[in-house]
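Okay, here's what each chain looks like letter by letter:
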Amino acid sequence: MEDFWQTCARTLEQELTPQQYSAWIRPLVPLAFDESLAVLRVAAPNRFKLDWVRSNFSGRIESLATQWFHRPVQVKFELDAPRMAPPRPAPAQSSNGLGHGAAPAPQAPLADFPAGRGPDGHAYGYGPGHGGNGVHASNGHGAPAPQRPAPAARPAPKSDLNEATGIYERSRLNVDLIFDNFVTGKANQLARAAALQVAENPGTSYNPLFLYGGVGLGKTHLIHAIGNAMVAAKDNARVRYIHAEQFVSDVVKAYQRKAFDEFKRYYHSLDLLLIDDIQFFSGKNRTQEEFFYAFEALVALRKQIIITSDTYPKELSGIEDRLISRFDSGLTCAIEPPELEMRVAILLKKAETEDVHLPEEVAFFIAKHLRSNVRELEGALRKVLAYAKFHGRPIAVDVCKDALKDLLSVSNGQITVENIQKTVADFYKIKVADMYSKRRPANIALPRQIAMYLAKELTQKSLPEIGELFGGRDHTTVLHAVRKISESRSKQAELNHSLHVLEQTLKG
Ligand SMILES: Nc1ncnc2c1ncn2[C@@H]1O[C@H](COP(=O)(O)OP(=O)(O)OP(=O)(O)O)[C@@H](O)[C@H]1O
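This one's a predicted model, so the numbers in the text were calculated from it and none came from an experiment.

Thresholds, definitions, all that
- Residues numbered from 1 in each chain as written.
- Predicted model: local features only at pLDDT ≥ 70, side-chain atom pairs only at ≥ 80, totals over all residues.
- Helix = DSSP H or I, 4+ residues; strand = E, 2+ residues; numbered from the N terminus.
- Contact = placed C-beta atoms within 7 Å.
- Near = placed C-beta within 6 Å.
- Nonpolar A, V, L, I, M, F, W, Y, C, P; charged D, E, K, R; others polar.
- Domains from an automatic or database assignment.
- Axes fitted to C-alpha atoms, helices over the stretch in contact; angles between N-to-C directions.
- Left-handed = near helix turned anticlockwise from the far one by under 90°.
- Core = buried A, V, L, I, M, F, W, Y, C linked by C-beta atoms within 7 Å.
- Buried ≥ 20, exposed ≤ 12 C-beta atoms within 10 Å, placed from the backbone.
- Pairing = 2+ DSSP bridges.
- Expected span 1.5 Å × (residues − 1).
- Parallel < 35°, antiparallel > 145°, perpendicular 65-115°, else oblique.
- Right-handed = clockwise from strand over helix to strand, strands pointing away.
- pLDDT = per-residue confidence, 0-100.

Counting its regular elements, the chain contains 20 helices and 10 strands. Restricting the contact set of the chain to residue pairs at least 6 apart, pairs at least 24 apart contribute 71%.

So this is what it looks like as structure tokens:
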């Protein structure tokens, strides 16, 4: 087996770039070859590498093994326990800023950029060898913490676990959000391809990568996947995921502590900065200024920046032009709401992750009725599974109907505002983001008014609620749109026809 592995590694070394070889193949360790089953077991140092090699190299390794052993061989990848992804840590704080502190993190938030001083005056350590950096693992959207421990094959040495935990605490990456469990379809394939490209060639392909789309469509998932891939490729990569609101709060803390030098030192030294929901920078001038400096510094050093937003750069309001033009200078990709088949695939994948068998007709039922975003789909699936378990009933369509009764009636015959926005945007060939953007050219303003009108007609939402879902518009704007479209409809046959088609499409 050792001989085979040496030959296999040599072959792959010739076929791959040196970076790919040392990132993915060199860390693999052959464990055993089971003669009777013709199964080759190979260990990967962590979960990301494991997922990556399984998706990208298992076929090639299997074919080399098949040639070598003169019979079909299956390759099974396993985690090499000592370097596995860390268990979800209780937020750890260095007790004195230097060692691996085991004390629970304090309640008052500390500077999110490391090496700062907490309100108690203690310095909070950062850097390799420091177990805590004074940051909190939170469950909020802003800073998801590692969610789940990778299964341990054997107990890992404590120091390795601490080190690994440190990496994930500092980066704030959620280890569960990886490429492997990101379902791809028409709605997100370009964004995913760009994300993969950036993960493989950080800083040199698309910089910045700007991903935008409506709520719950997978932007955060995708950027964590990039971060996780980068950490997997390079253990000491300086990666940081941060929600834009948290960045604003870091700037405020830097002000309070007169610590802009530390702030800059930290942000300007990253290899990868993932910043989520940049629209939250709107109107925050000092934050924008600091982000501008960080952006310039990182791009000049060919360090990667990835940004997400609810709309495309030119549509961002309250953001300086110099930032907008920089956001636009790399690659901008949209993530659209998923179509039916993709929603089904997502549900099946989520169920598989939970080790639950979800009959396809149940997945179709849920996907047909909940159309707007993936977060909503996940919530519905969780409800159905919990309901079935609680009532001791098998997972079937009738259980779904009972479990999702509220959701189904709230969406008033299954039509949601998000779905209306998507349907109308597709019909008029504009971007979904235009539905909530501030732009007002006629080719956008009319479809937006039509969507508002349909939202009022076909859902239970109030005028203020609709206004909110259309980029925070006032209810009088919605009222104006509803009145205008209903009046025009009675006079213009063509508009009436279009509305009829849209209504039929939405009612399915
Ligand atoms: N294509 C996908 N495959 C699998 N899971 C997905 C996919 N898209 C989204 N999800 C899941 O849906 C949930 C919501 O996704 P995420 O938080 O990434 O959305 P978002 O676009 O960042 O939303 P927001 O704008 O509210 O921040 C997450 O649990 C994510 O894992």
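Let us look at the site of the ligand. Residues in contact with the ligand amount to 19 residues; listed here are only the nearest, Gly218, Lys219, Thr220, His221 and Val374. Secondary-structure elements contributing two or more residues to the shell around the ligand are helix H6 (219–233) and helix H13 (374–391). In terms of residue class, the shell around the ligand is built from 7 nonpolar, 8 polar and 4 charged. For the shell around the ligand, the two domains that each supply at least three residues are domain 2 (131–145 + 158–335) and domain 3 (340–410).

On to the packing of helix H16 (residues 417–427) against helix H17 (residues 442–458), then. Viewed as axis vectors pointing N to C, H16 and H17 meet at an angle of 145°, and their least axial separation amounts to 9 Å. By crossing handedness, the relation of H16 to H17 is classed as right-handed. Residues Val417, Ile420, Gln421, Val424 and Ala425 of H16 pack against Pro447, Ile450, Ala451, Leu454, Ala455 and Leu458 of H17. Class assignment of the residues belonging to the contact of H16 with H17 gives a composition of 10 nonpolar, 1 polar and no charged.

Ranked by size, the top nonpolar core spans 123 residues in total, and within it Ile226, Ala229, Ile366 and Leu454 carry the most contacts. The dominant element in this core, judged by the number of residues it contributes, is H6, at 9 residues. Not counting the four nearest positions on each side in its chain, isoleucine 226 is found in contact with Ala195, Val198, Ala199, Leu274 and Ile306.

All right, on to the sheet that holds strand S2 (residues 39–44) then. Taking strand neighbours across the sheet as the criterion, the 3 strands line up as S1-S2-S3 in an open arrangement whose pairing is mixed. Of all strands in the sheet, those with a lone pairing partner are strand S1 (29–34) and strand S3 (74–79), marking the two edges. Going across the sheet, the axis of each strand differs from the next one's by a mean of 25°, ignoring polarity. For S2 and S3, the ladder comprises 6 bridges, and the chain directions are parallel. Paired with alanine 44 across the two strands is leucine 79, which belongs to S3.

Strand S6 (residues 209–213) sits mainly inside the fold: 5 of its 5 residues count as buried. Residues Leu209, Leu211 and Gly213 point to one face of S6 and Phe210 and Tyr212 to the other, with burial holding for every one of them. As paired strands, S6 and strand S9 (residues 304–309) are joined by 4 bridges and run parallel to one another. Paired with phenylalanine 210 across the two strands is isoleucine 307, which belongs to S9.

Further remarks concern the sheet that holds strand S8 (residues 272–276). Strands in a sheet are paired, the pairing made by backbone hydrogen bonds, and the direction either parallel or antiparallel. Spatially, 5 strands are ordered S7-S8-S9-S6-S10 in an open sheet, and the strand pairing comes out parallel. With one partner strand each, in any of the chains shown, strand S7 (239–243) and strand S10 (331–335) form the two edges of the open sheet. Between one strand axis and the next, the sheet turns through 15° on average, direction left out of account. One ladder, built from 4 bridges, connects S8 with S9; its direction is parallel. Its bridge partner being in S9, leucine 272 is matched across the sheet by glutamine 304. Packed on one face of the sheet, helix H5 (residues 189–200) meets S6, S9 and S10 and runs near 135° to S10.

Taking 1.5 Å per residue as the helical rise, H17 with its 17 residues ought to reach 24 Å, and the 24 Å between its terminal C-alpha atoms agrees with that figure. The elements touched by buried residues of H17 are H16, helix H18 (463–469), helix H19 (475–491) and helix H20 (493–507).

Here we take up unusual backbone geometry. With an omega dihedral of 0°, the bond running from asparagine 207 to proline 208 counts as a cis peptide bond. Along the chain, the position of proline 208 falls in the loop between H5 and S6. One non-glycine residue, alanine 38, lies in positive phi territory at about 55°. For alanine 38, a count of 14 C-beta atoms within 10 Å corresponds to the partly exposed category. A positive phi angle, close to 55°, is found at lysine 429, a residue other than glycine. Locating lysine 429 in the fold gives a position in the loop between H16 and H17. Judged by local crowding, lysine 429 falls into the exposed class, with 8 C-beta atoms found within 10 Å.

Where helix H3 (residues 47–69) contacts H6, the two axes come as close as 8 Å, and the packing angle between them is 100°. Relative to H6, H3 is oriented roughly perpendicular. Residue-level inspection shows Phe48, Lys49 and Trp52 of H3 in contact with H6, the latter providing Asn228, Ala229, Val231 and Ala232.

Attention shifts here to the pairing of S3. The two faces of S3 differ: Val75, Phe77 and Leu79 on one face are buried, but Gln74, Lys76 and Glu78 on the other face are not. This β-α-β element, S2 to H3 to S3, shows right-handed connectivity.

This next bit is on the environment of aspartate 398. Summarising the element assignment, aspartate 398 is placed in helix H14 (residues 397–403). Counting along the chain gives 36 residues from aspartate 398 to valine 362, while the straight-line C-alpha distance between them is 9.0 Å.

Turning our attention to the environment of aspartate 310. Topologically, aspartate 310 is positioned in the loop between S9 and helix H10 (321–327). With 161 residues separating them in the primary sequence, aspartate 310 and glycine 471 have C-alpha atoms 9.4 Å apart. The contact partners of aspartate 310, leaving out residues within four places of it in the chain, are Tyr212, Gly214, Gln279 and Tyr436.

Turning our attention to the confidence of the model for the chain. With 81% of its residues at a pLDDT of 70 or more, the chain shows a mean pLDDT of 80. In the model, residues 82–112 has pLDDT below 50 throughout and makes 89 contacts with residues more than four positions away in sequence or in other chains. Low confidence marks residues 114–161, where pLDDT is under 50. Its contacts with residues over four positions away, or in another chain, come to 122 contacts. Model confidence for the complex is summarised by a pTM of 0.61, with the ipTM given as 0.98.

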